[in-house]
Amino acid sequence: MPELPEVETIRLNLHEHLVGDRILKVTLRRADIVCGDPEDFLAAVGGKRVVGTDRRGKAMWLCLEGDIAVAVHLRMSGRLLLVQSSDELPPHTHMLAELSGGRRLIYVDPRRFGRLELLHLGRFDQSVILRNIGPDALSEDLSAQYLQEAAGAHSVGIKQFLLDQSHLAGIGNIYASEILHRVGLHPATPANRVTTEEMQRIIDATREILEAAIGARGTTLGDSQYQTGLGQSGGYQQCLRVYGKAEENCPVPGCDGVIRRSKIAQRSTYFCPVCQARGRGRRAGR
DNA sequence: CGGACAACCTGGTTGC
DNA sequence: TGCAACCAGGTTGTCC
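A brief report on the enclosed structure follows. (Residues numbered from 1 in each chain as written. Chains lettered and ligands numbered in written order. Predicted model: local features only at pLDDT ≥ 70, side-chain atom pairs only at ≥ 80, totals over all residues. Heavy atoms only, no water.)

Focus: the overall build of chain A
Scanning chain A from terminus to terminus reveals 7 helices and 11 strands. For 286 residues, the compact-globule formula gives about 19 Å, and the C-alpha radius of gyration of chain A, at 20 Å, lands near that figure. Along the first, second and third principal axes, the C-alpha set of chain A runs to 65 × 35 × 30 Å. Split into buried and exposed, the 286 residues of chain A put 51% on the buried side. By sequence separation, contacts in chain A at least 24 residues apart represent 62% of the contacts at least 6 residues apart. (Helix = DSSP H or I, 4+ residues; strand = E, 2+ residues; numbered from the N terminus. Rg over C-alpha atoms; globule rule 2.2 N^0.38 Å. Buried < 20%, exposed > 50% of the residue type's maximum accessible area, 1.4 Å probe, protein only. Contact = heavy atoms within 4.5 Å.)

In structure tokens, the structure reads:
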């Protein structure tokens, strides 16, 4: 499902192919996917030129002329696609924007968890989609000290902490398992017992994995509908080391562990019980 | 306040 | 074969 690398891939597609185009007309086939007044949304967006794109965590937005923007959160099954106007609309197309040049930007979302929202520059803090979103997982100035302070009051497992978008934005269920495996931390390690040094390794592994995933255009799993903004599948599913690999051998050289799947905080969690043994970090500190 | 959990929604899979 | 039950996942809202 769309996490940071998938959203960033779509944003890059739209940045390359959409900036400079004018939105001629917008149609909402389901008004309830828009936060706020749908009439305001339609009136503000129609006729505007796209001047840029941006993203924080799993949220992205298209900057339009007139100091407004359209924010998008894909949640579970949302897709933002650039298609030809002559193409047949896929099922569950809830919004279509006619563009100059005979193309359309469409929003498709079978489960309808995702949302679109009209933003006003300088008033992003009032946005439903953007409020409560912490620093982006790829931001340059992210520090181990910050993460450790943020974790200070939290006794939940480190995996659940990483999924909390108010502390660190962009990591979802798939990449959380991959990151913790790379670091060698058990997903249930209490967040407030993770050392500064381990937090730094989490930051490094996050950058390494998310950037590689962006390079591969994201992860498209068998049961996932994820597509890039141009309708392609991602390629990072071939690089996953633990997610969806229950009962397979741990890919770490020399490790004889077998990947286990368990439910942590109601979510499927994959890890190697050998190289991510509980208490490993504390023992290493002696 | 933190933390647990239901709710949102649909398509796909599993179980009977 | 048919149909019900269950599951997946990101986030918000409610309750303790």
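Considering the sheet that holds strand S1 (residues 23–28)
Within the open sheet, the 4 strands sit side by side as S1-S7-S8-S6. Their pairing is antiparallel. With one partner strand each, in any of the chains shown, S1 and strand S6 (79–84) form the two edges of the open sheet. For this sheet the average axis-to-axis angle between neighbouring strands, irrespective of direction, equals 20°. Bridge count for S1 against strand S7 (residues 93–99) is 5 bridges, and the pairing is antiparallel. Opposite Thr27, over in S7, you have Leu96 as the bridge partner. The strands that helix H1 (residues 4–18) touches are S6, S7 and strand S8 (103–108); relative to S6, the one it contacts most, it runs at about 30°. (Pairing = 2+ DSSP bridges. Axes fitted to C-alpha atoms, helices over the stretch in contact; angles between N-to-C directions.)

Digging into the protein's contact with DNA strand B
As a matter of local geometry, DNA strand B sits amid His92, Pro110, Arg111, Arg112, Phe113, Ala153, His154, Ser155, Val156, Gln160 and Gln266. The share of sugar and phosphate among atoms of DNA strand B within 4 Å of the protein is 72%. Between a phosphate oxygen of DNA strand B and a main-chain N or O atom of Ser155, the distance comes to 2.5 Å. When grouped by side-chain class, the residues that make up the surface near DNA strand B number 4 nonpolar, 5 polar and 2 charged. (Near = heavy atom within 4 Å. Polar contact = N/O pair within 3.5 Å; in protein donor to acceptor, adjacent residues only side chain to side chain. Nonpolar A, V, L, I, M, F, W, Y, C, P; charged D, E, K, R; others polar.)

Comments concerning unusual backbone geometry
We note that Arg75 has phi near 45°; this positive angle belongs to a residue other than glycine. Mapped onto the secondary structure, Arg75 falls in the loop between strand S5 (68–73) and S6. For Arg75, a relative accessible area of 47% puts it in the partly exposed group. Positive phi values are uncommon outside glycine, yet Glu247 reaches one of about 75°. Its location among the elements puts Glu247 in the loop between helix H6 (196–215) and strand S10 (260–264).

Things to note about the pattern of salt bridges
Applying the stated rule across the entire model yields 10 salt bridges. Notably, a salt bridge pairs Arg11 with Glu8, separated by 2.9 Å at the nearest N-O pair. Of this pair, Arg11 and Glu8 both sit in helix H1, separated by 3 residues, roughly a single helical turn. Taken individually, Arg11 and Glu8 each receive the classification buried, so the pair is uniform in this respect. With a closest N to O distance of 3.2 Å, Arg207 and Glu211 form a salt bridge. Highlighted residues: Arg207 and Glu211, both in helix H6, separated by 4 residues, approximately one helical turn. Overlapping salt bridges bring together Glu8, Arg11, Arg55 and Asp136 as one network. (Salt bridge = Lys/Arg side-chain N within 4 Å of Asp/Glu carboxyl O.)

Regarding the protein's contact with DNA strand C
What surrounds DNA strand C is a group of 17 residues, the closest being Met76, Arg111, Tyr243, Arg261 and Arg267. A share of 72% is what sugar and phosphate atoms reach among the atoms of DNA strand C within 4 Å of the protein. The separation between a phosphate oxygen of DNA strand C and a polar side-chain atom of His73 is 2.5 Å. With respect to DNA strand C, the side chain of Arg75 contributes an N or O atom lying 3.2 Å from a base nitrogen. Counting residues per element, the ones that place at least two in the surface near DNA strand C are S10 and strand S11 (267–271). When its residues are assigned to classes, the surface near DNA strand C shows 4 nonpolar, 5 polar and 8 charged.

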